[in-house]
Amino acid sequence: MPSTAPAVLPLPLVSTEWLAARLGEPGVSVVDGSFYLPAMKRDAAQEYAVAHIPGAVRFDVDEICDHTNPLPHMLPGPEQFSAAVGGTLGISDRDTIVVYDGHGMFSSPRVWWTFRLFGAENVFVLQGGFPCWKAEGRPTAGGPVSRPPKHFAARQPPAIVADAATVQAALASGSAQVVDVRPANRFRGEAPEPRPGIRTGHAPGSLNVPQSNLLENGHLLPPDRLREVLAAGGVDIDKPIIVQCGSGVSSATLCLALHILGKPPVTLYDGSWTDWGGRSDLPVVTGPA
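Keep in mind the model is a prediction, meaning the values are calculated, not measured.

1. A word on the pairing of strand E11 (residues 241-244)
Side chains Ile241 and Val243 of E11 all project onto a buried face; the interleaved residues Ile242 and Gln244 project onto the opposite face, where all are buried too. With 4 bridges joining them, strand E7 (residues 177-180) and E11 adopt parallel strand pairing. If you follow Val178 over to E11, its bridge partner there is Ile242. Two strands pair when backbone bridges link them, and E11 and strand E12 (residues 267-269) are joined in this way by 2 bridges, in the parallel orientation. In the strand pairing of E12, Ile242 is matched with Thr267. With helix H9 (residues 252-260) bridging E11 and its parallel neighbour E12, the resulting β-α-β unit is right-handed.

Take a look at the structure:
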């Protein structure tokens, strides 16, 4: 069925209509940022090879990452990012970059956040993602996409990436709210973590706003409803926020939501629960927040 989403959306969201009208234009780079958890039983690389938006290159969060860090898909350094994105994918920091994923909206905000972190300014997320694009009968293509190299002038990321010590200090002092977007049953410790060896539960004092509560049919909720969901989760959007999830991917959806609500850049705990729950020296509690 055709999307009922309006063509004019809150920045940095764009509609399928908007993208379809600009496909193939010079300086417009479309990026498939699909990533799936093991429990989803989907293969992002295989799905991309079968079908993607024409001209889209694939951004693999498990490839464009810090391979020296044992935690999954941690941020790379500026030089690695520049080489991977500019040299391999053919994307410039001056391009208009549109990111989507195969789930609707799951990992595309993480890729949007990463591009912005390294200095790209014109970065957008496709509302509804690839499912919406396909449901509307829009064209798809298969196989790899090769683009000529471009220069991506990656900057040193600003200090909005947190580690465990930052989160610990924020929880102890109350200087920032720590908002965990994992599903409620994982936050409460009632469901196992998807990665082996990770404790269940959450950091004492953290709040829970499941990422799924921010979405409807793969679309980010409108601003008024986002405010309602965050208020219901006990989040004061006028105070500092650190976001986290299982491994730093889905939490970027909350960064995107807060950006749309006009809030300054939000800090993201890159190691997230894989880091915290995998360490025996950090406190964990179960039950509701």
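Moving on, there is more to tell.
2. A few points about the packing of helix H4 (residues 108-117) against H9
As a packed pair, H4 and H9 sit with axes 7 Å apart at the nearest point and diverge in direction by 70 degrees. The orientation of H4 with respect to H9, classified from their angle, is roughly perpendicular. Crossing of H4 against H9: the hand is left-handed. Facing H4, whose interface residues are Pro109, Arg110, Trp112, Trp113 and Arg116, H9 presents Ala252, Thr253, Cys255, Leu256 and His259. When grouped by side-chain class, the residues that make up the contact of H4 with H9 number 6 nonpolar, 2 polar and 2 charged.

3. Overview of the sheet that holds strand E1 (residues 13-14)
Taken in spatial order, the 5 strands make up an open sheet running E1-E5-E4-E2-E3, and their pairing is parallel. For this open sheet the edge positions go to E1 and strand E3 (57-58), each flanked by a neighbour on one side alone. Two elements, E1 and strand E5 (residues 123-126), share 2 bridges in a ladder whose sense is parallel. In the sheet register, Leu13 faces E5, and the bridge partner there is Val125.

4. Things to note about the pattern of salt bridges
Pairs can form between side chains of opposite charge whenever their charged atoms are close. Scanning the entire structure with this criterion turns up 14 salt bridges. Here Asp180 and Arg182 are joined by a salt bridge, their closest N and O atoms 2.8 Å apart. Given a relative accessible area of 0%, Asp180 falls into the buried group. Residue classification places Arg182 among the buried residues on the basis of a relative accessible area of 1%. Notably, a salt bridge pairs Asp236 with Lys239, separated by 4.0 Å at the nearest N-O pair. Asp236 gets classed as partly exposed once you look at its relative accessible area, which sits at 29%.

5. Thoughts on the nonpolar core
Counting 57 residues, the largest nonpolar core has Val31, Phe59, Trp113, Phe115, Leu220 and Leu254 as its most contacted members. Elements with a minimum of two residues in this core: helix H3 (78-88), strand E4 (96-100), H4, E5, helix H8 (223-232), E11 and H9. With near-sequence residues (within four places) excluded, Phe115 lies in contact with Val31, Phe59, Phe81, Val85, Ile91, Ile97, Ala120, Val123 and Phe152. Counting residues in hydrophobic clusters, the runner-up holds 13 residues, among them Ala164, Ala176, Trp273 and Trp276.

6. Side note on the packing of aromatic side chains
Think of a pair of aromatic rings as described by two things: how far the centres are apart, and how the planes are tilted against each other in angle. As enumerated under the stated definition, the model contains 9 aromatic pairs in all. A ring pair is formed by Phe35 and Phe106, whose centres lie 6.5 Å apart and whose planes are at 5 degrees; its orientation type is stacked. Of the two residues, Phe35 is situated in the loop between strand E2 (28-32) and helix H2 (44-50) and Phe106 in the loop between E4 and H4; the sequence distance between them amounts to 71 residues. Under the relative-accessibility criterion, Phe106 is labelled buried at 8%. Relative to Phe152, the ring of Phe81 has its centre 5.3 Å away and its plane inclined at 75 degrees; by these criteria the two rings are edge-to-face. Taken together, the residues Phe81 in helix H3 and Phe152 in the loop between helix H5 (129-135) and strand E6 (161-162) connect sequence positions 71 residues apart. Note on Phe81: relative accessible area 0%, which makes it buried. Members of the aromatic cluster, connected to one another through ring pairs, are Phe59, Phe81, Phe115, Phe118 and Phe152.

7. Overview of the sheet that holds strand E8 (residues 207-208)
With parallel pairing, the 5 strands of this open sheet are ordered in space as E6-E12-E11-E7-E8. Two strands in the sheet have a free side with no partner beyond their single neighbour: E6 and E8. Note: E6 against E12, 2 bridges, orientation parallel. Across the sheet, the residue bridging to Val161 is Leu268, located in E12. Strand contacts of helix H6 (residues 164-173): E6, E7, E11 and E12, with the helix running at about 130 degrees to E11, the strand carrying the most contacts.

Each value, and the rule that gives it
- Residues numbered from 1 in each chain as written.
- Predicted model: local features only at pLDDT ≥ 70, side-chain atom pairs only at ≥ 80, totals over all residues.
- Heavy atoms only, no water.
- Buried < 20%, exposed > 50% of the residue type's maximum accessible area, 1.4 Å probe, protein only.
- Helix = DSSP H or I, 4+ residues; strand = E, 2+ residues; numbered from the N terminus.
- Pairing = 2+ DSSP bridges.
- Right-handed = clockwise from strand over helix to strand, strands pointing away.
- Axes fitted to C-alpha atoms, helices over the stretch in contact; angles between N-to-C directions.
- Parallel < 35°, antiparallel > 145°, perpendicular 65-115°, else oblique.
- Left-handed = near helix turned anticlockwise from the far one by under 90°.
- Contact = heavy atoms within 4.5 Å.
- Nonpolar A, V, L, I, M, F, W, Y, C, P; charged D, E, K, R; others polar.
- Salt bridge = Lys/Arg side-chain N within 4 Å of Asp/Glu carboxyl O.
- Core = buried A, V, L, I, M, F, W, Y, C linked by side-chain atoms within 4.5 Å.
- Phe/Tyr/Trp six-rings, centres within 6.5 Å; stacked < 30°, edge-to-face > 60°.

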